[in-house]
Amino acid sequence: MTTASKTPSPKTAIVTGAASGIGRGIAEHFARDGIHVVCADINKEAVLKVAADLNDAGHTVLGMEVDISSEASVSSMVAHTMEWTGRIDTAIANAGVMVEGDILSVSLDDWQKAMNINATGTFLTARAVLPHIIEGGGGSLVMNRSEEHTSELQSRRNLVCRLLLEKKKRKE
C-alpha cells in the first residue's frame, strides 16, 4: 500500500509597515523563504512597489494599502488575505510612527496619531489575525516596536515629566 504525500501549502504571513525599513526587510526575508506575504502599509505607492519587486523576483506577494488605525481597513486586510490564501500563519505588527519633540511641544493631534497607529493599530491587527492563526492550528504574532517608535518617545517624555516634578518639588 502506498500513500501519496501531499505537499503542504505555503504558509502566509502579514507584515504591516512593509513599505520600508524593518517591515520591508521582514517581508523580503519571508518571501525568500517561500512564504506567501501580504505587505500592508498606509503608503500605497511604496507598498505596491515592494510587492511588485518581490513578485518580479519570483516570490508570491500581495501588496495592499492598509490604515492599521482603522478597524475596517484591518478587517479588510484580513479578509483579502483569507480570500487569497485561505490562511494566516504569521502576522508581524510592525507599522509605527514617531512623534518629534518633548511633551511640552508635541501637539495633541500628533500624540493621538501616534497612539492610534502604535498602540491601537497593533491591538486591531492582533485582534483581527489571532482567530485565524488559532483556527489554523497555531502560528506567530509578533508586535514589533523599534526604539524609534517607543523608547525614544517614552524616554523623552519621562525625562521632561521627571524634571518638571523635581522643579515643582523644589518650589514646595
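Because the structure is a prediction, the values reported are computed rather than measured. (Residues numbered from 1 in each chain as written. Predicted model: local features only at pLDDT ≥ 70, side-chain atom pairs only at ≥ 80, totals over all residues. Heavy atoms only, no water.)

Next up on the list: the overall build of the protein. A count of helices and strands for the protein gives five helices and five strands. Reading the protein from its N end, one meets helices and strands in the order β-α-β-α-β-α-β-α-β-α. With 172 residues in all, the protein has 34% of them scored as buried. Looking at the protein alone, contacts between residues at least 24 apart form 64% of all its contacts between residues at least 6 apart. Approximately 10200 Å² of the protein is accessible, and the part contributed by carbon and sulfur atoms is 54%. (Helix = DSSP H or I, 4+ residues; strand = E, 2+ residues; numbered from the N terminus. Buried < 20%, exposed > 50% of the residue type's maximum accessible area, 1.4 Å probe, protein only. Contact = heavy atoms within 4.5 Å. Areas by Shrake-Rupley, 256 points an atom, 1.4 Å probe, with all protein chains shown as cover.)

Before going further, it helps to spend a moment on the pairing of strand S4 (residues 90-93). The alternating pattern of S4 places Thr 90 and Ile 92 and Ala 91 and Ala 93 on opposite faces, both of which are buried. The pairing of S4 with strand S5 (residues 140-143) spans four bridges and is parallel. Looking across to S5, one finds that Ala 91 is bridged to Leu 141. Crossover connection from S4 via helix H4 (residues 108-135) to parallel S5: handedness right-handed. (Pairing = 2+ DSSP bridges. Right-handed = clockwise from strand over helix to strand, strands pointing away.)

A separate point is the confidence of the model for the protein. The predicted model of the protein averages 85 in pLDDT, with 80% of residues at 70 or higher. Predicted confidence is poor over residues 148-162, with pLDDT under 50, and the contacts of this stretch with residues over four places away or in other chains come to 21 contacts. (pLDDT = per-residue confidence, 0-100.)

Enumeration according to the criterion identifies five salt bridges in this entry. The salt bridge involving Lys 49 is made with Asp 53; its shortest N-O contact spans 2.9 Å. With Lys 49 and Asp 53 both in helix H2 (residues 44-56) and four residues apart, the pair spans about one turn of that helix. On the accessibility criterion, Lys 49 (49% relative accessible area) is partly exposed. Glu 71 is the partner of Arg 127 in a salt bridge, and the nearest nitrogen-oxygen pair spans 2.5 Å. Of this pair, Arg 127 sits in helix H4 while Glu 71 sits in helix H3 (residues 71-85), placing them 56 residues apart in sequence. By relative accessible area, which is 42% here, Arg 127 ends up partly exposed. According to the relative accessible area criterion, Glu 71 is partly exposed, its value standing at 46%. (Salt bridge = Lys/Arg side-chain N within 4 Å of Asp/Glu carboxyl O.)

Let us now look at the packing of H3 against H4. Running from N to C, H3 and H4 cross one another at 30°; their axes reach a closest spacing of 9 Å. With respect to H4, the element H3 is oriented roughly parallel. Seen from above, H3 lies across H4 with right-handed handedness. Residues Glu 71, Val 74, Val 78 and Met 82 of H3 touch H4, and the partners they reach there are Leu 124, Thr 125, Arg 127, Ala 128, Val 129 and His 132. Taken together, the residues of the contact of H3 with H4 sort by class into six nonpolar, two polar and two charged. (Axes fitted to C-alpha atoms, helices over the stretch in contact; angles between N-to-C directions. Parallel < 35°, antiparallel > 145°, perpendicular 65-115°, else oblique. Left-handed = near helix turned anticlockwise from the far one by under 90°. Nonpolar A, V, L, I, M, F, W, Y, C, P; charged D, E, K, R; others polar.)

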